Amino acid sequence: SLLTNVSAIEIYKGSGTRIFGQNAMTGAVNFVTSPNKVHGINVQGFGANFGGLGTQFTVNAPVKNLRQSFSAGLDKSNGHWYNSDYNNQQFFYDAVLPMNKFNELRALVGYTDRAFGANGYYTNAFPDQWESTQMAIAGISHQLSLSKLNLLTKASLRTHRDEFRLKRFDPSFYTNKHWSEVLTFEESAQYSSKLGLTGAGAEYRAESLVSSNLGDRNRSYFSGFIDHKLTLFKGQITLIANAHYFNLKMNNQVYQKILPGIEGAFNTTSERMFIPRKIYANIGQSYRAPTYTDLFYQDYSNVGNPNLQPEYATNAELGMVWNIFWGKMTSGISERFKSKLGIETSVYRRNTTNMIDWVRSSTITPNPWTPVNLSNVIFTGFESNVNYRWNGKDRIMIRELSLGYNYINASHQLLVIVPETQSRYAFSGLRNQLIAKLTMNITHWVYATVAYRGVERVGGNAYSLVDAKLILNPTRNFSIFLEGNNLFNTDYIEAGYVQMPGRWFKAGLQVKFYE
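Residues numbered from 1 in each chain as written. Predicted model: local features only at pLDDT ≥ 70, side-chain atom pairs only at ≥ 80, totals over all residues. Heavy atoms only, no water.

(A) Geometry of the overall build of the protein chain. Counting its regular elements, the protein chain contains three helices and 27 strands. For 515 residues, the compact-globule estimate of 2.2 N^0.38 gives 24 Å, and the C-alpha radius of gyration of the protein chain, at 25 Å, lies within 12% of that figure. Looking at the protein chain residue by residue over its 515 residues, the buried ones come to 36%. Summarising the internal contacts of the protein chain: among those between residues at least 6 apart in sequence, 56% fall at separations of at least 24. Per element, the accessible surface of the protein chain, about 28000 Å² overall, is 59% carbon and sulfur. In the protein chain, 50 positive and 37 negative side-chain charges are present, and the distance between their average locations comes to 8 Å. (Helix = DSSP H or I, 4+ residues; strand = E, 2+ residues; numbered from the N terminus. Rg over C-alpha atoms; globule rule 2.2 N^0.38 Å. Buried < 20%, exposed > 50% of the residue type's maximum accessible area, 1.4 Å probe, protein only. Contact = heavy atoms within 4.5 Å. Areas by Shrake-Rupley, 256 points an atom, 1.4 Å probe, with all protein chains shown as cover. Lys, Arg positive; Asp, Glu negative; His and termini not counted. Charge placed at Lys NZ, Arg CZ, Asp CG, Glu CD.)

(B) Representation of the environment of Phe325. With respect to the helices, strands and loops of the structure, Phe325 is situated in strand E16 (residues 311-331). Between the alpha carbons of Phe325 and Gln56 there is a distance of 38 Å; along the sequence they are 269 residues apart.

(C) Highlighting the pairing of strand E5 (residues 67-77). Judged from the eight bridges that link them, strand E4 (residues 52-60) and E5 form a sheet pairing that is antiparallel. Directly across from Asn60, in E5, lies its bridge partner Ser69. Here E4 folds back onto E5, and the loop between the two strands holds six residues, one of which, Lys64, carries a positive phi near 55 degrees. (Pairing = 2+ DSSP bridges.)

(D) The sheet that holds strand E19 (residues 370-374), seen in detail. In space, the three strands of this open sheet follow the order E19-E18-E22, with antiparallel pairing throughout. The two strands at the open ends of the sheet, each matched to only one other strand, are E19 and strand E22 (421-423). Going across the sheet, the axis of each strand differs from the next one's by a mean of 50 degrees, ignoring polarity. Across five bridges, the pairing between strand E18 (residues 355-361) and E19 is antiparallel. Looking across to E19, one finds that Trp358 is bridged to Pro371. (Axes fitted to C-alpha atoms, helices over the stretch in contact; angles between N-to-C directions.)

(E) Spotlight on a nonpolar patch on the surface. On the surface, Phe266, Ile279, Leu318, Met320, Val347, Phe382 and Tyr407 cluster together into a nonpolar patch covering about 540 Å² of accessible area. Among the secondary structure elements, Leu318 is positioned in strand E16. Judged by relative accessible area, which is 47%, Leu318 ranks as partly exposed. (Patch = residues over 30% accessible without salt bridge, like charges linked within 9 Å, V, L, I, M, F, W, Y side chains within 5 Å. Salt bridge = Lys/Arg side-chain N within 4 Å of Asp/Glu carboxyl O.)

Listed below in structure tokens is the structure:
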């Protein structure tokens, strides 16, 4: 989706396979779109260093009960270093049709076209790598809402085309072409009773692939889940128990398993500052199937492994939340708080078995990368976030101040047993990360944001980044922004071999008109 069409962004931590499928093993980010009930348009345009130009817009055009929107976006750049240019095009149509007070239909159609220089994406041996992808998706859903029962039916088809070249201007040297289709059917239900909220659902997914490198492949996936939410003591205690079953047919084998989980939360009624308002805990299991690339891909630097198994994870988390309010301010008949201090801290542990990583020998040549199932990888982490928000009306004031820190320790058993083995991903993961953000009013219509990010990765790669953004918003319908990224021109690599851009700037405007 495009940002002009997104109404909310939901972040899910921990196991998400029950809700979002097999690829959400450690969490998910869900972009929520919702066509507006009134006519309107939201347009953004920008320019940036390295020849960056872009625009995106969303047009809302309801017709009687039908709410519908059309979005499009164009984004291009010459790239910040050799062979890193890109050209992206996106188009989306979203529609919602309430048929009556019980039934609602929804449809989504989307298409993206991306072409980019892939210097350092997959190997540092071929700086002229290039890739072009096209994706089309169409989906439809029906929701039935009764007093105690909700039913949701979904169907979707996604097609994806990919062309990859090791030498951009010499396709005869090495070129891969892939065409894949994914057909999905989902059914879910929720029933409310005196015993709580009970949910159940099932999903069937069929995947097909035609590839010049990976071959012609097919596999199918079936999953089902059941969960129950129980609320006790007038909402003070919430308990959720769930079980997720999957059946995966892959490589002439069937993989199936039941993955249980349980969640709990206790909401305190204490007004004392040092007593948390909420204490929560969860434990659950999830899984991920190897991709076709993991299984079958072959080129000069990489060799797939058709004997890979699905990877599994057991996730456990314990956390606390503090919300402190003060300086009450009355507006009309509703009361809102002038200031808020929010604190959330948690510890977690994820035990992953059969985790897939690409490795190679550091002592034998040739030494192509190949994926393997690591016998056991344990992640232990700590996360804490502090957020201060001020809702006053001063001309110059701090609106929001946030500080977040997280620490991850990963124990890779295979690397301990075989020290001469190099890992592609083990030493690019985060170990320490500190994030700080300050947002303030300079006048009633000028806002400034400064953000800091300090990172230390497992392999010892450490760097700090400072970004800033200035927004001029003289009216509700018009705003101008200026962004400065990596202001101190830090030289760094996030992962793999891709050199990230130094100091660069972006400026643009946004116009909104609604009835």
